[in-house]
Number of protein chains: 2
Amino acid sequence: MHKIALLLLSFVLLESSAQVNVNDSIQIRKIYSEALSNSPSYTQLRYLCKKIGNRLSGSPQAAKAVAWGEIEMKKIADKVLMQEVMVPHWVRGPKEKATLIVDGKVNKALYVLALGGSVATPKAGITAEILAVDSLSHLKKLGEKVKGKIVFFRRPMDATLINTFDAYGDAGDQRRQGPSEAAKYGAVAVIVRSLGLAADNYPHTGMLSYLPDVPKIPAAAISTNTANDLDKLIAQGKKLALEISISSQMLPDEKSYNVVGEIKGSQYPEEIIVVGGHLDSWDVGEGAHDDGTGCVQSMEVLRIFKALGIKPKRTIRAVLFMNEENGVKGGEKYAELAKLNNEKNIAAIESDAGGHTPRGFDFSDSPENFKKWMPYFAPYDIKHFEKGYPGTDIHPLEPSGTVLIGFLPDSQRYFDYHHTDNDVFENVNKRELEMGSATIASLVYLLSEYGVK
Amino acid sequence: MHKIALLLLSFVLLESSAQVNVNDSIQIRKIYSEALSNSPSYTQLRYLCKKIGNRLSGSPQAAKAVAWGEIEMKKIADKVLMQEVMVPHWVRGPKEKATLIVDGKVNKALYVLALGGSVATPKAGITAEILAVDSLSHLKKLGEKVKGKIVFFRRPMDATLINTFDAYGDAGDQRRQGPSEAAKYGAVAVIVRSLGLAADNYPHTGMLSYLPDVPKIPAAAISTNTANDLDKLIAQGKKLALEISISSQMLPDEKSYNVVGEIKGSQYPEEIIVVGGHLDSWDVGEGAHDDGTGCVQSMEVLRIFKALGIKPKRTIRAVLFMNEENGVKGGEKYAELAKLNNEKNIAAIESDAGGHTPRGFDFSDSPENFKKWMPYFAPYDIKHFEKGYPGTDIHPLEPSGTVLIGFLPDSQRYFDYHHTDNDVFENVNKRELEMGSATIASLVYLLSEYGVK
């Protein structure tokens, strides 16, 4: 009875707007109820996190995740495609360690975590003075002083930015460009304050980007608490040095796959709507929010359509992309095959911002074209339809004119987990995950009914 | 530089609207930055949770919390008032236990948690057959069959409702009225499926409401997992009985206090804006989300005004109410004194829905009067200004014409913690807490500048 009352309320609310259709409003209410009542996503995510675990491209766990993804996808898709792709295979070494030296005396061990793609130190490690640097431009000013030093990129993320992804983008140059920029001036290694807003003991890994014509130097993250400790010692005038050992290596590329599940469109089968997340993760934690949640949400879209008997007018594809974290080879492969096959991917939605409460969508371009649909989402407090970054895996589709859309969950907690040992199943909330799936499925439903015109 | 860029952006965004004032927009941006950069709230909350702990009205910890509140309030208020109030003093007994009997054989111990206000069982406990009931109307239909039974109110919260407070309100009749309604038909005790949406092992306590002319029977919560187990056994046709012991008691009323901190208004000091949470909690967990967060957020409003040098035109009061959970004596006392002193409390905001990411406000009446302010909140993704329930402690101010406003955080996780051993400091996120404080302080700022006209 209560559900019917709610449906009736939706009628009343939505009939006052010229833009909305009552049947669509009811269908979307059914999508939310289905996701919140019958979703297997949380159980799937537990399996992926606990039975398979973290799954960096090229690892045995990544291969297991592909096999699992194929099995799960076959339960809900009419057709499953496996898109073969060669991916990089970087392996963290067993001997990551660092010792802090204060005023010439051994002080304590520091927990360091090599950045993704980092080269190893010599076997004996590297010992050098620590030089704290606030920014890439500060580094430039220091010039000659950088030579022979271990550069400590110390700038925290800006806590006053509301969307934490903005703060991440802002401070992230230190992790991405920092190692090569420091190497230009003769630095011997780099440590980076972790890209997180919480004061805690988790170092955050993530990709670095070496320049081609600059010596590759080893680089590692330290936790925000460790970075704060170093800041304090430096403020006290202490002279800091570090002994650091990293034994990571880049192995030959490995064969892997995107897992693609499809429901064929009934009226415009040639028009394809993609919804995806990435199956690979960093090699710490369990890849729960990054991006196990995006994978199970993408598959849940297909399941919801099947469970409710919705026959989409356009083709829907759930895609579990491989290798988002350190290469985007899966995303590039999907776009390459789409071009090769003359496919018309009209829209692509990526869920790669965590499994938190949904707030809306970021559109690569012209969100105003889709604001007519906002009234459908208002009953679920989904009110963010703005321009923004849609997602790394779908980005290669941009030249083909695909409308790119990023699913936007609440961002406040995301960087407490991102790329750390703390990105585990326990930190995902079942209802928040399911609310996200329903929100994505509702947009896919509208796209499948009306296209992108 | 970045902050200035953001301020400029606010200019551009807001100047396009006729309703907003650029100076106010800048002030609100400063409020958010202050809360996200310099707030002591998280540290205060840790102290309240870890050093004082849970604090049911009348308990020694509640007295400690009052003393702590007075000290903290004096740090930020111009004047601190202690409003004396007599509160009920219910005490959970040491011997809560239950044993499930299946088809006449002892099966296992069940974790039961007496509902707040429950009477004790006889010392030897009560043993009776379990009768599962879906609703109060189902109970009525069963009539004579209820006699001598332990009624098991089994109806889950409706997972399809988006705001979990709606689902709580809906299923909550079982906990509140269930015991007396069952007693009308001769039940000897009641167990209630916990008011939570997660499948877990935490029973949720909370107030029951005995009718005056019906025998008082003991009542306890069982976890959702335990309730699911019972449902399964019943579906299998098993005959269930329960042996239950509860040793709680109601002691004489105790003296306690509302803690009230004030900043006098510079232009209209007689017009008062209240912002409050409640200092008491249930006697399990640490009273973190319910309602330590509301207390520290209310005090944070005053601190932010002081830190930014804002001299409010109207008087602002932060109130730590006593006894929200089992009597509302503090809320009633505040309203009684306001009437006695001919105070003009123009608006009251309560934060008692958890410390999660802010979504907006629920107004007791006419949210349309305040929608002109929504553009100020849009940069923070605060977009909910609707009619709704404002809060239990401020409700007694209603007859005086006070505009009542409930702070609305995201509700998805709240009932994972509410009234359980799981409502601990660790489940509060620092940024979410601070975003909430900033949102409340921004509304208080606008109210203090423009009043409620």
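Reading the values: the criteria
- Residues numbered from 1 in each chain as written.
- Chains lettered and ligands numbered in written order.
- Predicted model: local features only at pLDDT ≥ 70, side-chain atom pairs only at ≥ 80, totals over all residues.
- Helix = DSSP H or I, 4+ residues; strand = E, 2+ residues; numbered from the N terminus.
- Rg over C-alpha atoms; globule rule 2.2 N^0.38 Å.
- Buried ≥ 20, exposed ≤ 12 C-beta atoms within 10 Å, placed from the backbone.
- Least-squares fit on C-alpha atoms with pLDDT ≥ 70 in both.
- Contact = placed C-beta atoms within 7 Å.
- Domains from an automatic or database assignment.
- Pairing = 2+ DSSP bridges.
- Axes fitted to C-alpha atoms, helices over the stretch in contact; angles between N-to-C directions.
- Core = buried A, V, L, I, M, F, W, Y, C linked by C-beta atoms within 7 Å.

## Notes on the overall build of chain A
Okay, so step 1: What chain A contains, in helices and strands, is 13 helices and 16 strands.
Okay, so step 2: In terms of C-alpha radius of gyration, chain A reaches 23 Å, essentially the compact-globule figure of 22 Å for 453 residues.
Okay, so step 3: Viewed in the frame of its principal axes, chain A has a C-alpha envelope of about 75 × 40 × 40 Å.
Okay, so step 4: Across the 453 residues of chain A, 55% fall into the buried class.

## Digging into the relation of the copies chain A and chain B
Okay, so step 1: With an RMSD of 0.0 Å, the operation that places chain A on chain B is a rotation of 180° combined with a shift of 0.0 Å along the axis. Interpreted geometrically, this transformation is the action of a two-fold axis. Minimal C-alpha separation from the rotation axis in chain A is found for Lys383 of chain A, amounting to 3.6 Å.
Okay, so step 2: Of the residues that chain A buries at the interface, 100% are likewise interface residues in chain B, meaning the two copies contact each other through the same surface.

## Observations concerning the domain arrangement of chain A
Okay, so step 1: Domain assignment breaks chain A into domain 1 (2–88 + 253–450) and domain 2 (93–247).
Okay, so step 2: Each side of the interface is counted separately: domain 1 of chain A has 15 residues, and domain 2 of chain A has 17 residues.

## Side note on the sheet that holds strand β5 (residues 126–133) of chain A
Residues and elements named next belong to chain A.
Okay, so step 1: Taken in spatial order, the eight strands line up as β3-β2-β9-β5-β6-β7-β8-β4 in an open sheet, and their pairing is mixed. Here the strands that pair on one side only, and so sit at the sheet edges, are β3 (105–110) and β4 (112–114). Strand-to-strand twist across the sheet, computed as the mean angle between neighbouring axes with direction ignored, equals 30°.
Okay, so step 2: Here β5 runs beside strand β6 (residues 150–153); their pairing, made up of four bridges, is parallel. Among the inter-strand pairings, Val133 is bridged to a residue of β6, identified as Phe153.
Okay, so step 3: Against the sheet, helix α9 (residues 224–235) touches β2 (97–102), β3, β5, β6, β7 (189–193), β8 (219–222) and β9 (240–245), its axis set at about 150° to β9.

## A look at the pairing of β2 of chain A
Residues and elements named next belong to chain A.
Okay, so step 1: In the sheet, β2 pairs with β9 via six bridges, with the strands oriented antiparallel. From the neighbouring strand, Ala98 faces β9, where its bridge partner is Ile244.
Okay, so step 2: One ladder, built from five bridges, connects β2 with β3; its direction is antiparallel. Counterpart to Leu100 in the pairing with β3 is Lys108.
Okay, so step 3: Hairpin geometry of β2 and β3 is characterised by an intervening segment of two residues between the two adjacent antiparallel strands and by a positive phi of about 50° at Asp103.

## What about the nonpolar core?
Okay, so step 1: Of all hydrophobic cores here, the largest spans 88 residues; its most connected members are Ile273, Val275, Val301, Leu302, Ile349, Ala441 and Val444 of chain B.
Okay, so step 2: Sorting elements by how many residues they give to this core places helix α13 (residues 430–450) of chain B first, with ten residues.
Okay, so step 3: Both domains that furnish three or more residues to this core are identified here as domain 1 (2–87 + 252–450) and domain 2 (93–247) of chain B.
Okay, so step 4: Leaving out residues up to four positions away in the same chain, Val301 of chain B has contacts with Val275, Ile316, Ala318, Ser437, Ile440, Ala441 and Val444 of chain B.
Okay, so step 5: Core analysis: the next-biggest nonpolar cluster, separate from the first, contains 86 residues, Ile76, Tyr257, Ile440 and Ala441 of chain A among them.

## Re the sheet that holds strand β14 (residues 358–363) of chain B
Residue and element names in this part refer to chain B.
Okay, so step 1: In spatial order, the strands read β1-β10-β12-β11-β13-β16-β14-β15; together these eight strands make up an open sheet with mixed pairing. Where the open sheet ends on each side, the last strands, each with one partner, are β1 (79–91) and β15 (384–387). Ignoring strand direction, the axes of neighbouring strands in this sheet form an average angle of 25°.
Okay, so step 2: Where strand β11 (residues 268–278) meets strand β12 (residues 314–321), eight bridges bridge the pair, whose relative direction is parallel. Bridge pairing links His278 to Phe321 in β12.
Okay, so step 3: Each of β1, β10 (249–263) and β12 is contacted by helix α4 (residues 60–74), which is oriented at about 5° to β10, the strand it contacts most.
Okay, so step 4: Seen against the sheet, helix α11 (residues 329–340) touches β1, β10, β12 and β13 (344–350) and runs at an angle of roughly 140° to β1.

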